[in-house]
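So the chains spell out like this:
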There are 2 protein chains.
Amino acid sequence: MINRLCIIGVGLIGGSLALALRRSGHVKQVIGHSRDAAHLQKALELGVIDAYELDPCKAVAGADVVVLAVPLGAIATVCELIKPALDPAVVLTDVGSAKQSVVNDVARIFGHVPPRFVPGHPIAGTEKSRVEAAFSELYDGRRVILTPLADTDVQALARVREMWQSAGAIVEEMDVAHHDLVLAATSHLPHMLAFGLVDSLARMNDHDEIFRYAAGGFRDFTRIASGDPVMWRDICLANPEALLEMMARYENDLHDIKHAITAADGDSLLEIFTRAKQARDKFVK
Amino acid sequence: MINRLCIIGVGLIGGSLALALRRSGHVKQVIGHSRDAAHLQKALELGVIDAYELDPCKAVAGADVVVLAVPLGAIATVCELIKPALDPAVVLTDVGSAKQSVVNDVARIFGHVPPRFVPGHPIAGTEKSRVEAAFSELYDGRRVILTPLADTDVQALARVREMWQSAGAIVEEMDVAHHDLVLAATSHLPHMLAFGLVDSLARMNDHDEIFRYAAGGFRDFTRIASGDPVMWRDICLANPEALLEMMARYENDLHDIKHAITAADGDSLLEIFTRAKQARDKFVK
């Protein structure tokens, strides 16, 4: 149970967490903070938060759990702002899609990683990104990965775990580096490919016509290219090593396909496509 | 109105066409042919066809319209098989995703492109591929591109146009080369990217874990990697030039993204992602 939850950055992720915790009765009061008063007012009207504070220090004061739900590039700034008012007893967690960069930012601002800071990442979202898109079911049955460090406080860890479970999620743990590699493969890389494809077509002379003849497959394939550009810029800057490694691996694969097409090597193409189809069909099951 | 429609290859595309034309009352009788008797029996039981013929010459005899709905790699073989029985008055059309290769195959087998052959391509489909997946609404509001040649018979063209309109589709015309480039960009390239991604991940050591943490975005992004490997092999072999051109263009774009990530160049990343998001959002509208 959380008495006073402070959510910094009340967008799709933070807003949906608030709604999910209200739904389960796991939270008494939700305080929102962001830089944008109109945005907070909207969150209030939508019943996502109970109140808001434009002063970050006032927002975290008295909270028992503080959730940083801002883009990765804003983590350091937010930590700096709340640091003077953050009670060491408060459980602090985040929702960033890359974890090493968050740990580094937190360590730099606080001089060490506070034991009650629990790095976290809900693997959920839509291509929408504002509080208007928040909904209480976002985390139902979805995975949340927590990446505790060696000296992370076990009670703080348990508290964050309970919070996400109350929001409907399945909570798992892994180490920071492994998280960043897994996410580079399954999320960051696909986003690069989709952004790259749409941009590539948008830059063609006859782009209007090109898009006109795109079918449903293209629509699904490129949905993730409608994601928030700022969030994705930050993810790229936060997880460059794992992402570049995956991109290089992918380029090799694409090169194999290109080579087979050039050589009219139908057997190799069939082999690659069959392996991919089997893996994908298995994944969907 | 079609008295006797012969569909060669009664899968998702051919089967759905039959069902759509039955729905609109545009066809009196549908005869199916494929190499697989059990498959044709299934199509008969599902009410997709009225009868089937295992002998291709018997199948096309007496038909006023013959639709080749087989993978691109089977077009030449099928033309060879039906050639002896094909009345010059019959309207012949196909549904291939690449058009130059079909025109070449038809010209090679018949010694010329018969004036009553109308190359066609319905831009519709799902990742499923058998007659069990056929449904009458597949073409509703979807585009069908016809690529008539200089000496294509205008009545035959009108007949094929009417057929697709009766099936619910919007029919457009463009020349063969342009079709192949547009489709390389909007369909063939995205399929290569999706197959490449899934294959790339499937070949990693910890692939089960990788797929386990994939979220909804990944599921949508890779749906097209569940497409029929044989069909996609054939498309690659049928449209290599345009596809390789698009792949090269795409690789350049991906290289820009990689370069920006390596250089921690947030401005360039934001610019690319924003341009892509705008293009994609506009496309969805």
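Procedures and definitions
Residues numbered from 1 in each chain as written. Chains lettered and ligands numbered in written order. Predicted model: local features only at pLDDT ≥ 70, side-chain atom pairs only at ≥ 80, totals over all residues. Helix = DSSP H or I, 4+ residues; strand = E, 2+ residues; numbered from the N terminus. Buried ≥ 20, exposed ≤ 12 C-beta atoms within 10 Å, placed from the backbone. Contact = placed C-beta atoms within 7 Å. Least-squares fit on C-alpha atoms with pLDDT ≥ 70 in both. Nonpolar A, V, L, I, M, F, W, Y, C, P; charged D, E, K, R; others polar. Domains from an automatic or database assignment. Pairing = 2+ DSSP bridges. Axes fitted to C-alpha atoms, helices over the stretch in contact; angles between N-to-C directions. Parallel < 35°, antiparallel > 145°, perpendicular 65-115°, else oblique. Left-handed = near helix turned anticlockwise from the far one by under 90°. Right-handed = clockwise from strand over helix to strand, strands pointing away.

With respect to the environment of Ala185 of chain B
- Considering the arrangement of structural elements, one finds Ala185 of chain B in helix α7 (residues 176–202).
- Given 28 C-beta atoms within a 10 Å radius, Ala185 of chain B is considered buried.
- Setting aside residues no more than four positions away along its own chain, Ala185 of chain B makes contact with Leu201, Met204 and Ile210 of chain A together with Met246 of chain B.

Some details on the relation of the copies chain A and chain B
- For these two chains of identical sequence, chain A goes onto chain B by a turn of 180° and a shift of 0.0 Å along the axis, with RMSD 0.0 Å. Given the turn and translation reported, the copies of this chain are related as if by a two-fold rotation axis. When C-alpha distances to the rotation axis are compared across chain A, the minimum falls at Phe221 of chain A, with a value of 2.0 Å.

A closer look at the interface of chain A and chain B
- With 69 residues of chain A in contact, the opposing surface of chain B contributes 69 residues.
- When contributions to the side of chain A that touches chain B are tallied by element, the ones reaching two or more residues are α7 (176–202), α8 (207–212), α9 (216–221), α10 (229–238), α11 (240–262) and α12 (266–284) of chain A.
- By residue number, the principal contributor to the side of chain A that touches chain B is α7 of chain A, which donates 16 residues.
- Grouping the amino acids of the side of chain A that touches chain B by side-chain chemistry returns 45 nonpolar, 10 polar and 14 charged.

What to know about the domain arrangement of chain A
Residues and elements named next belong to chain A.
- Taken domain by domain, chain A holds domain 1 (2–173) and domain 2 (178–284).
- Of note, the centres of domain 1 and domain 2, computed from C-alpha atoms alone, are 30 Å apart.
- Looking at the side of domain 1 that touches domain 2 residue by residue, the classes come out as four nonpolar, seven polar and two charged.

Things to note about the sheet that holds strand β8 (residues 143–146) of chain A
Residue and element names in this part refer to chain A.
- A sheet is described by the order of its strands in space; here three strands give the open sequence β7-β8-β9, paired in mixed fashion. Across the chains shown, the open sheet's two edge strands, defined by having one partner strand only, are β7 (120–122) and β9 (170–173). Each neighbouring strand pair of the sheet contributes to a mean axis angle of 20°, computed without reference to strand direction.
- Direction of pairing for β7 relative to β8: antiparallel, over a ladder of three bridges. Residue pairing for β8: Pro122 is matched across the bridge by Val144.

Brief notes about the packing of α7 of chain A against α7 of chain B
- Two elements in contact, α7 of chain A and α7 of chain B, have axes separated by 11 Å at closest approach and are oriented at 165°. Taken together, the axes of α7 of chain A and α7 of chain B are roughly antiparallel relative to one another. When you trace α7 of chain A past α7 of chain B, the crossing you get is right-handed. Residues Ala185, Pro190, Leu193, Leu197 and Leu201 of chain A of α7 of chain A form the contact with α7 of chain B, whose own contacting residues are Ala185, Pro190, Leu193, Leu197 and Leu201 of chain B.
- A per-class count over the contact of α7 of chain A with α7 of chain B returns 10 nonpolar, no polar and no charged.

Comments concerning the pairing of strand β2 (residues 27–33) of chain B
Residue and element names in this part refer to chain B.
- Counting buried residues along β2, five of its seven residues qualify, which places the element largely inside the surrounding structure.
- Read as a crossover between parallel neighbours, the route from strand β1 (residues 2–8) over helix α1 (residues 12–23) to β2 is right-handed.
- Where β2 meets strand β3 (residues 51–52), two bridges bridge the pair, whose relative direction is parallel. Following the sheet pairing, Ile31 is matched in β3 by Ala51.
- With helix α2 (residues 37–45) bridging β2 and its parallel neighbour β3, the resulting β-α-β unit is right-handed.

Re the sheet that holds strand β5 (residues 91–94) of chain A
All names here are of chain A.
- Here six strands make up an open sheet; going across it, the order is β3-β2-β1-β4-β5-β6 and the pairing parallel. Edge positions in the sheet fall to β3 (51–52) and β6 (117–118), since each has one partner strand and no second.
- Relative to β5, strand β4 (residues 65–68) runs parallel, the two sharing four bridges. Bridging from a neighbouring strand, Val67 pairs with Thr93 of β5.

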